[in-house]
Amino acid sequence: MSETVTLTAAEVEAKLLKGPFHQWLGLKVISVGDGEIELKATWRPEWVVNAERGYVHGGILATLIDLTADWALVSKTGRGVPTVDLRVDYHRAAMEGDLTAKGKVVKFGGTLSVAEAQVLDGEGRLLASGRGVYMTATPK
């Protein structure tokens, strides 16, 4: 499937929030475009790994990189797709506050596709970035 699937932010959010984990993350779809998506994750105190220092566990940031890159492909697939490979780079500690994640398609393919994402804090500072490979073959 190589043609663009037109879905509104509300339609994508409804699909995304079918997953209980995505609900727990407090995800909101801010915008969806051709090969692009922007999400907001609502702060949860359970994200904190070090109560003394107050920073967020890296797994939360990796999750946001993965699902944002994955859902950037929604304009081509119309659905979430399985992750084949994922790389995440951490740039600074995430502290208390909502997070913004932005994703875009790098290469769309009939079997495998590549997309990347960034996670930003409330002040727009880069916290993490990454790239994933996703299985975009049409389900049989």
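Only a predicted model underlies this, so the values are computations on that prediction, with no experimental measurement involved.

Quick look at the overall build of the protein now. If you tally the helices and strands in the protein, you get four helices and eight strands. When its helices and strands are written in sequence order, the protein yields α-α-β-β-β-β-α-α-β-β-β-β. Here the protein has a C-alpha radius of gyration of 15 Å; the compact-globule value for 140 residues is 14 Å, and the two agree. Viewed in the frame of its principal axes, the protein has a C-alpha envelope of about 50 × 25 × 25 Å. Sorting the 140 residues of the protein into buried and exposed places 38% on the buried side. Across the protein, every contact between residues at least 6 apart in sequence was considered, and the portion connecting residues at least 24 apart equals 61%. Of the side-chain charges in the protein, 16 are positive and 17 negative, and the distance between the mean point of each set is 4 Å.

By size, the foremost hydrophobic cluster in this structure holds 33 residues, and its most contacted members are Trp47, Leu64, Leu99 and Val119. Broken down by element, this core gets its largest block of residues, eight residues, from helix H3 (residues 58-72). Apart from residues lying up to four places away in sequence, valine 119 is in contact with Leu61, Leu64, Ile65, Leu99, Thr100, Ala101, Arg125, Leu126, Leu127 and Ala128.

Here we take up the pairing of strand S7 (residues 112-120). As paired elements, strand S6 (residues 99-107) and S7 share seven bridges and run antiparallel to each other. Residue alanine 101 lies in a different strand from S7, and its bridge partner there is valine 119. As paired strands, S7 and strand S8 (residues 126-135) are joined by nine bridges and run antiparallel to one another. Directly across from alanine 117, in S8, lies its bridge partner glycine 130. Hairpin remark: S7 followed by S8, antiparallel, with five residues in the connecting loop; positive phi at glycine 124, about 80 degrees.

Let us now look at the sheet that holds S7. Pairing in this open sheet of six strands is antiparallel, and the strands run S1-S2-S6-S7-S8-S5 from one edge to the other. Looking at the sheet topology across the chains shown, the edges are occupied by strand S1 (27-33) and strand S5 (83-90). The average undirected angle you get between the axes of adjacent strands in this sheet is 20 degrees. Both strand S2 (residues 36-41) and S6 contribute to a ladder of six bridges, which runs antiparallel. Within S6, the residue paired with leucine 39 across the bridge is alanine 101. Here helix H1 (residues 9-16) sits on the sheet and contacts S1 and S2; the angle it forms with S1, its principal contact strand, is near 135 degrees. Strand contacts of H3: S1, S2, S5, S6, S7 and S8, with the helix running at about 130 degrees to S5, the strand carrying the most contacts.

Under the definition given, this model contains nine salt bridges. The residue lysine 104 makes a salt bridge to glutamate 116 at a minimum N-O spacing of 3.7 Å. Placement of the pair is lysine 104 in strand S6 and glutamate 116 in strand S7, with a sequence separation of twelve residues. According to the relative accessible area criterion, glutamate 116 is partly exposed, its value standing at 21%. A salt bridge links arginine 125 to aspartate 121; the shortest N-O distance between them is 2.7 Å. Overall, the relative accessible area of 35% leaves arginine 125 in the partly exposed class. On the accessibility criterion, aspartate 121 (13% relative accessible area) is buried. One connected set of salt bridges, linked through shared partners, spans Lys104, Glu116 and Arg131.

The rules behind each value
Within any chain, residue numbers begin from 1 and follow the written order of that chain's sequence. In keeping with the predicted nature of the model, local features appear solely for residues at pLDDT of at least 70, side-chain atom pairs appear and are counted solely at 80 or more, and the whole-chain, interface and lining totals rest on all residues. With hydrogens and water excluded, all non-hydrogen atoms of the structure serve as input to the side-chain values. Only DSSP runs of H or I reaching four residues or more are called helices, and only runs of E reaching two or more are called strands; each is numbered from the N terminus. C-alpha atoms define the radius of gyration, and 2.2 Å times the number of residues to the power 0.38 defines the globule rule. Three exposure classes are used, based on accessible area relative to the maximum for each residue type with a 1.4 Å probe and protein chains only: buried under 20%, partly exposed in between, and exposed over 50%. Here, residues are in contact when the closest pair of their heavy atoms is within 4.5 Å. In this tally, Asp and Glu contribute negative charge and Lys and Arg positive charge; neither His nor the terminal groups of the chain are included. A single reference atom marks each charge: NZ on Lys, CZ on Arg, CG on Asp, CD on Glu. Put simply, a nonpolar core is a bunch of buried Ala, Val, Leu, Ile, Met, Phe, Trp, Tyr and Cys residues held in one set by side-chain atoms that sit within 4.5 Å of each other. At least two bridges found by DSSP between two strands are what make those strands a pair. To get an axis, fit a line to the C-alpha atoms, keeping to the stretch in contact for a helix; angles then go from 0 to 180 degrees between the N-to-C directions. We define a salt bridge as a contact between a side-chain nitrogen of Lys or Arg and a carboxyl oxygen of Asp or Glu at a distance within 4 Å.

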